[in-house]
2 protein chains.
Amino acid sequence: MNPRVVQTAAVLLIGNELLSGKVAEANLFELARTLRALGIALRRVVIVSDDMDEIAREVRELSARHDVVFSSGGVGPTHDDVTLEAVARAFDTPCPVHPTLEGMLRDVYQERLTEGHLRMALVPAGSELVTTREVTWPTVVCRNVWVLPGVPEIFRMKLAVVREYLRGPEPFVSRAVFTKLDEATLKPVLDQVVATHENVEVGSYPKWFDESYKTKVTIDGRTQQSVDAALGQLLALLPPGEPQRTE
Amino acid sequence: MNPRVVQTAAVLLIGNELLSGKVAEANLFELARTLRALGIALRRVVIVSDDMDEIAREVRELSARHDVVFSSGGVGPTHDDVTLEAVARAFDTPCPVHPTLEGMLRDVYQERLTEGHLRMALVPAGSELVTTREVTWPTVVCRNVWVLPGVPEIFRMKLAVVREYLRGPEPFVSRAVFTKLDEATLKPVLDQVVATHENVEVGSYPKWFDESYKTKVTIDGRTQQSVDAALGQLLALLPPGEPQRTE
């Protein structure tokens with residue numbers, strides 16, 4: 001199967017523990033890097049508690065405004081795992097036990113299977129169950145919403161499925177320039193580059209407490225040509241002795 | 001000055017670099033822990049790009065629905081630093097150069113002062129400039145929005161200002177129970193505790209790849225009494241040999 005081409009993505013991170021500061025969020029960075037490498041533009045991230053109405057409202061909004069949405073967290077057997085039911089509610093669809101998942105859970109847990117385990121077989125009607133040769137436990141994809149787990153070790157495994165099924169229209173091209181000039185001094189240079197090259201994104205990141213450079217300037221675009229042109233202008237406008245290095 | 005009492009908070013993290021996976025978000029966890037320790041409930045976190053309209057819309061919404069909002073990022077001298085102007089736009093108020101900040105910047109940069117530096121003196125009309133004895137560079141607070149920097153080292157310093165000026169209605173009380181039971185087995189026990197103790201929050205967190213326990217159960221509330229009562233019931237319902245430990 002060829003991967004589906006998508007332009008934009010949003011992420012919904014779910015869990016009281018992320019908001020209460022009990023747990024440091026650990027999935028976003030890996031997902032953001034994965035999407036970037038695929039050429040998919042991550043536009044928005046929202047973190048909410050384990051509240052069904054709030055998750056449903058957020059899923060509905062993010063799904064309508066982005067090509068693909070990834071949720072993380074709230075899948076499991078207990079009372080605070082409400083993501084799948086919330087996704088069903090977002091799309092006003094039922095969320096029955098899925099026979100494929102029920103069968104897999106019965107194989108795993110056998111006579112130890114409980115009502116709680118079966119909550120992990122709830123799937124919004126109309127979802128796809130996505131697998132790869134390596135990741136055989138199905139990932140639920142409901143319309144454009146990928147329902148991913150919160151446990152970081154499992155979340156990372158699921159990224160292989162994302163990489164197999166989705167890609168962006170073309171890869172991003174990124175360059176970075178490191179300089180000892182401070183941001184305020186760089187500003188007129190950056191303003192010129194920004195004004196001349198509308199099809200690239202110019203970022204400026206001060207580095208405090210570092211001897212090797214003061215500001216990192218990034219240039220991002222969808223074509224090598226556009227990024228090279230902006231980079232060329234930037235380098236030509238820097239004073240002698242700059243930049244310290246480029247990447 | 002007595003700290004202001006607030007119940008709920010939201011956080012707006014701003015920066016293309018967070019969405020493109022170039023930089024791992026590094027401020028939320030410390031802020032979430034700070035708010036938790038103060039007894040302030042963090043309800044929602046949103047991450048957006050350096051886009052003025054989007055930041056303004058988000059500030060307006062988060063400000064209306066929470067007692068206090070913290071932004072991080074987008075303050076500085078370059079074209080992609082638009083947070084203060086976006087906050088002004090959110091509240092439909094002008095954003096002139098503030099004479100106090102202009103004076104401080106002129107003292108620091110003297111004859112090296114540029115137009116870029118003066119962007120760091122832009123302050124939405126009607127804002128307070130908040131300082132403490134230790135953190136003397138002012139923090140801009142516009143209505144209920146605290147405008148904090150993105151650079152993690154500076155962000156952390158500013159948390160001392162938050163601690164001095166804000167607090168929750170009362171501290172949170174939190175307990176945790178570690179057990180070798182899996183979540184699905186625990187489910188009926190947790191359901192009983194949840195049904196009996198409506199004024200506490202019960203969380204359940206599976207731990208994979210750990211020998212010492214399988215599930216961490218958390219009980220959170222606003223009073224010692226309510227949390228102790230729920231904890232007592234939970235412990236009474238666990239089988240012999242459990243829990244492994246409590247915290």
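Treat the numbers as computed from the prediction; the structure is a model and nothing was measured. (Residues numbered from 1 in each chain as written. Chains lettered and ligands numbered in written order. Predicted model: local features only at pLDDT ≥ 70, side-chain atom pairs only at ≥ 80, totals over all residues. Heavy atoms only, no water.)

*Asks:* So what's going on with the packing of aromatic side chains? Residues and values would help.
*Replies:* Inspection of every chain in the model, using the stated rule, returns eight aromatic pairs over all chains. Of the aromatic side chains, those joined through ring pairs into one cluster are F70, W146 and Y165 of chain A. The ring of F172 of chain B has R222 of chain B sitting right over it, with the charged end atom 4.0 Å from the ring centre. Note that R245 of chain B overlies the ring of F178 of chain B, its terminal NZ or CZ placed 3.9 Å from the centroid. (Phe/Tyr/Trp six-rings, centres within 6.5 Å; stacked < 30°, edge-to-face > 60°. Lys NZ or Arg CZ within 6 Å of the ring centre and 35° of its normal.)

*Asks:* Quick one: what's the story with the relation of the copies chain B and chain A, residue by residue and with numbers?
*Replies:* Least-squares fitting of chain B to chain A yields an RMSD of 0.0 Å, with the transformation described by 0.0 Å of translation along the axis and a rotation of 180°. Both chain copies can therefore be described as sitting about a two-fold axis. Nearest to the rotation axis, the C-alpha of V46 of chain B is located 2.2 Å from it, this being the minimum over chain B. (Least-squares fit on C-alpha atoms with pLDDT ≥ 70 in both.)

*Asks:* An account of the domain arrangement of chain A is requested, with residue identities and associated values reported.
*Replies:* Taken domain by domain, chain A holds domain 1 (4-167) and domain 2 (173-246). Between the C-alpha centres of domain 1 of chain A and domain 2 of chain A there is a distance of 38 Å. (Domains from an automatic or database assignment.)

*Asks:* Summarise the interface of chain B and chain A; cite the residues concerned and give the values.
*Replies:* Counting residues at the interface gives 56 residues for chain B, matched by 56 residues for chain A. At the boundary of chain B with chain A, total buried surface from both sides reaches about 4600 Å², with 58% on carbon and sulfur atoms. When residues of chain B are sorted by the area they lose upon contact with chain A, K22, H79 and K187 of chain B head the list and together hold 13% of the total. Put simply, chain B and chain A have six salt bridges between them. A salt bridge links R44 of chain B to E54 of chain A; the shortest N-O distance between them is 4.0 Å. Inspection of the region where chain B meets chain A yields 18 residue pairs in polar contact (both at pLDDT 80 or more). No other element matches strand β3 (residues 41-48) of chain B, which puts seven residues into the side of chain B that touches chain A. Split by residue class, the side of chain B that touches chain A holds 25 nonpolar, 12 polar and 19 charged. With three bridges joining them, strand β3 (residues 41-48) of chain A and β3 of chain B adopt antiparallel strand pairing. In the strand pairing of β3 of chain B, V45 of chain A is matched with I47 of chain B. (Contact = heavy atoms within 4.5 Å. Buried area = accessible area lost by both parts, 1.4 Å probe. Salt bridge = Lys/Arg side-chain N within 4 Å of Asp/Glu carboxyl O. Polar contact = N/O pair within 3.5 Å; in protein donor to acceptor, adjacent residues only side chain to side chain. Helix = DSSP H or I, 4+ residues; strand = E, 2+ residues; numbered from the N terminus. Nonpolar A, V, L, I, M, F, W, Y, C, P; charged D, E, K, R; others polar. Pairing = 2+ DSSP bridges.)

*Asks:* Can you explain the packing of helix α2 (residues 28-38) of chain B against helix α7 (residues 152-165) of chain B? Please cite residues and give values.
*Replies:* Residues and elements named next belong to chain B. Contact geometry of α2 with α7 gives a least axis separation of 11 Å together with a crossing angle of 15°. As judged from the angle between their axes, α2 and α7 are roughly parallel. By crossing handedness, the relation of α2 to α7 is classed as right-handed. Residues E30, L31, T34 and L38 of α2 lie in contact with α7, whose contacting residues are F155, R156, L159, V162 and R163. The residue inventory of the contact of α2 with α7, partitioned by class, reads five nonpolar, one polar and three charged. (Axes fitted to C-alpha atoms, helices over the stretch in contact; angles between N-to-C directions. Parallel < 35°, antiparallel > 145°, perpendicular 65-115°, else oblique. Left-handed = near helix turned anticlockwise from the far one by under 90°.)

*Asks:* With reference to specific residues and values, describe helix α5 (residues 99-109) of chain A.
*Replies:* All names here are of chain A. Buried within α5 are the following residues: L101, L105 and Y109. All buried residues of α5 project into a common sector of 55° when viewed along the axis, lining one side. In α5, the exposed positions angled more than 90 degrees off the buried face are occupied by P99 and D107. At its buried positions, α5 is contacted by α6 (115-119) and β5 (128-130). Remark: Q110 follows α5 within two positions and exhibits a positive phi of approximately 50°. (Buried < 20%, exposed > 50% of the residue type's maximum accessible area, 1.4 Å probe, protein only. Arc of directions from axis to C-beta.)

*Asks:* Let's hear about the nonpolar core: which residues, and what values?
*Replies:* By size, the foremost hydrophobic cluster in this structure holds 56 residues, and its most contacted members are L42, F70 and W146 of chain A together with L42, F70 and W146 of chain B. If sequence neighbours within four positions are ignored, W146 of chain B has contacts with V68, V69, F70, S71, V130, T139, V140, V141, V161, V162, Y165 and L166 of chain B. (Core = buried A, V, L, I, M, F, W, Y, C linked by side-chain atoms within 4.5 Å.)

*Asks:* Report on a nonpolar patch on the surface, specifying residues and quantitative values.
*Replies:* There is a patch of nonpolar side chains on the surface, built from M157 of chain A together with W208 and F209 of chain B and spanning about 370 Å² of accessible area. Inspection of the secondary structure puts W208 of chain B in the loop between β10 (201-206) and β11 (215-221). (Patch = residues over 30% accessible without salt bridge, like charges linked within 9 Å, V, L, I, M, F, W, Y side chains within 5 Å. Areas by Shrake-Rupley, 256 points an atom, 1.4 Å probe, with all protein chains shown as cover.)

*Asks:* So what about the pattern of salt bridges? Which residues, and what values?
*Replies:* It is possible for side chains bearing opposite charge to pair when their charged atoms get close. Evaluation of the coordinates by the stated rule reveals 20 salt bridges over all chains. R245 of chain A serves as the salt-bridge partner of E247 of chain A, at 3.9 Å between the closest nitrogen and oxygen. R245 of chain A gets classed as partly exposed once you look at its relative accessible area, which sits at 36%. Across the salt bridge formed by R119 of chain B and E85 of chain B, the nearest N and O atoms sit 3.0 Å from each other. Here the residue R119 of chain B occupies a position in helix α6 (residues 115-119), and E85 of chain B occupies one in helix α4 (residues 83-90), the gap between them amounting to 34 residues. A relative accessible area of 25% places E85 of chain B in the partly exposed class.

*Asks:* Any details on the packing of helix α8 (residues 183-196) of chain B against helix α9 (residues 224-237) of chain B? Residues and values, ideally.
*Replies:* Residue and element names in this part refer to chain B. Running from N to C, α8 and α9 point in directions that differ by 155°, and their axes come no closer than 10 Å. In this view, α8 runs roughly antiparallel relative to α9, as classed from their interaxial angle. Between α8 and α9 the crossing geometry is right-handed. In this structure, α8 contributes V189, L190, Q192, V193 and T196 to the contact, and α9 contributes A230, Q233, L234 and L237. The residue inventory of the contact of α8 with α9, partitioned by class, reads six nonpolar, three polar and no charged.

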